[in-house]
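Residue strings, one per chain:
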Amino acid sequence: MGPLAGLRVLEFAGLGPGPFCAMLLADLGAEVLRIDRADAPPGHRAEVLKRGRRSVAIDLKSPQGAAAALRLVDRADALIEGFRPGVMERMGLGPEPCLTRNPRLAYGRMTGWGQDGPLAPTAGHDINYIALTGALWATGRADDPPPPPLNLVGDFGGGGMLLAVGLLAAILNARATGRGQVVDAAMTDGSALLMAMFQGMAAQGRWRNARGANLLDGAAPFYDSYRCSDGRHVAVGAIEPAFFAALLAGLGLDPARFAERMDPARWPVLKAEIAAAFAIRTRDDWAAAFAGSDACVTPVLDLDEAPAHPHNRARGTFVTRDGVVQAAPAPRFSETPAALDRPPPHAGEHTDAALADWGFSASEITDLHVAGAIRARSEGAS
């Protein structure tokens, strides 16, 4: 099921971008086995980032547990780990022993700062990584502190998604050459890469090195969000002349007053006129008024509203699994459609069965239990 069916991925449990990468691969059909700590709490069925895979609970600090993890590496096409540099090496699970045992392995490393550089051993979070690349500074209004853009830029876009791309590229290369490799995915590198278009625009003199002063950062009257009479908002992206003309027509504004719409000096005045127009009706009134037009006006929906929007319903953009509303797998495939498989596992829920499927005998599994190297948790157990 899915275009990655038959691919085996070993995920060492972590937070944020690593699980997101594993979720993407599982959504597309890969068999992803998550290694949780032996003493990990059970977790929750609503932890969407853990969907689609099984979990084994292994004490990686014990010799028997580390040896069991290496056995699993033998059968994996790819590995995902998100510890600080050096942690996997200290457990005997670094790239050298893993690639020695499995020369075709794509060994994926997810960190904020990368595997080297002066900040590599230090702590950080999404906001720190994107702060160092200009991505955070460029976000927000001119007179306000830069707002955290959720964890979308560092953790997920610049982190987990790029790690997934890197692993798939390494797997393709390994199939062609027989040689695996390490994929060093750093959120600083990834968030810098996401800024590529703006770096290019700045080099052409088309982007000012100032926040809230440019075409796409909320300064332009035709690319921003506007408050409506009910306190809710609409998003406007009417950049092109034809789209802007449709916006003005829908708002009942005189096009002659907006002849200088591309002059940044005029933007504050023009924005004020558009804001005043939107403020006289509710968000949903405006959404209905602009429905089907090319004015690029859409309602700003909250997390409860988004799944109910007619377009999202028609495409099945959101699905409900075990009572949890969540995004459906993306993108879409015509011949090998992806679909949700397993719900998020409890830590260690599949320990015995998964180890057996990955080549362990019943006696070996029993020995690991006796040694305290693994833990099995029945479904629903706390």
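Our subject is the structure listed above.
Residues numbered from 1 in each chain as written. Predicted model: local features only at pLDDT ≥ 70, side-chain atom pairs only at ≥ 80, totals over all residues. Heavy atoms only, no water.

(A) Structural view of the nonpolar core. Counting 28 residues, the largest nonpolar core has L10, F12, I35 and L72 as the members making the most contacts within it. With 5 residues, helix α2 (residues 63-73) is the single largest residue contributor to this core. Filtering out sequence-adjacent residues up to four positions away, I35 remains in contact with L10, E11, F12, A13, V56, I58, L60, A69 and L72. Listed in part, the 27 residues of the second largest apolar core include L28, A78, M110 and Y129. (Core = buried A, V, L, I, M, F, W, Y, C linked by side-chain atoms within 4.5 Å. Buried < 20%, exposed > 50% of the residue type's maximum accessible area, 1.4 Å probe, protein only. Helix = DSSP H or I, 4+ residues; strand = E, 2+ residues; numbered from the N terminus. Contact = heavy atoms within 4.5 Å.)

(B) The pairing of strand β4 (residues 78-81), seen in detail. Residues A78 and I80 point to one face of β4 and L79 and E81 to the other, with burial holding for every one of them. Inspection of the sheet shows strand β1 (residues 8-12) paired to β4 by 3 bridges, in the parallel sense. Bridge pairing in β4 places V9 opposite A78. Sheet topology places β4 next to strand β5 (residues 106-111); 4 bridges connect them, and they run parallel. Paired with A78 across the two strands is A106, which belongs to β5. (Pairing = 2+ DSSP bridges.)

(C) Examining the sheet that holds strand β9 (residues 297-299) more closely. Taken in spatial order, the 3 strands make up an open sheet running β7-β8-β9, and their pairing is antiparallel. Pairing within the sheet leaves two strands with one partner each, and these edge strands are β7 (223-227) and β9. The sheet shows a mean angle of 25° between the axes of neighbouring strands, direction not considered. Helix-sheet contacts for helix α10 (residues 267-278) involve β7, β8 (233-237) and β9, and the interaxial angle to β7 is about 40°. (Axes fitted to C-alpha atoms, helices over the stretch in contact; angles between N-to-C directions.)

(D) Highlighting the packing of aromatic side chains. Counted under the stated rule, the structure contains 10 aromatic pairs. When the centroid spacing of 4.8 Å and the interplanar angle of 90° are considered together, the rings of W113 and Y129 count as edge-to-face. A residue pair is termed long-range when its members are at least 10 positions apart, and W113 in the loop between β5 and α5 (126-131) and Y129 in helix α5 qualify at 16 residues. Ring centres 5.8 Å apart and planes at 65° place the aromatic pair F244 and F258 in the edge-to-face group. (Phe/Tyr/Trp six-rings, centres within 6.5 Å; stacked < 30°, edge-to-face > 60°.)

By themselves, these are just geometric observations and shouldn't be taken as functional.
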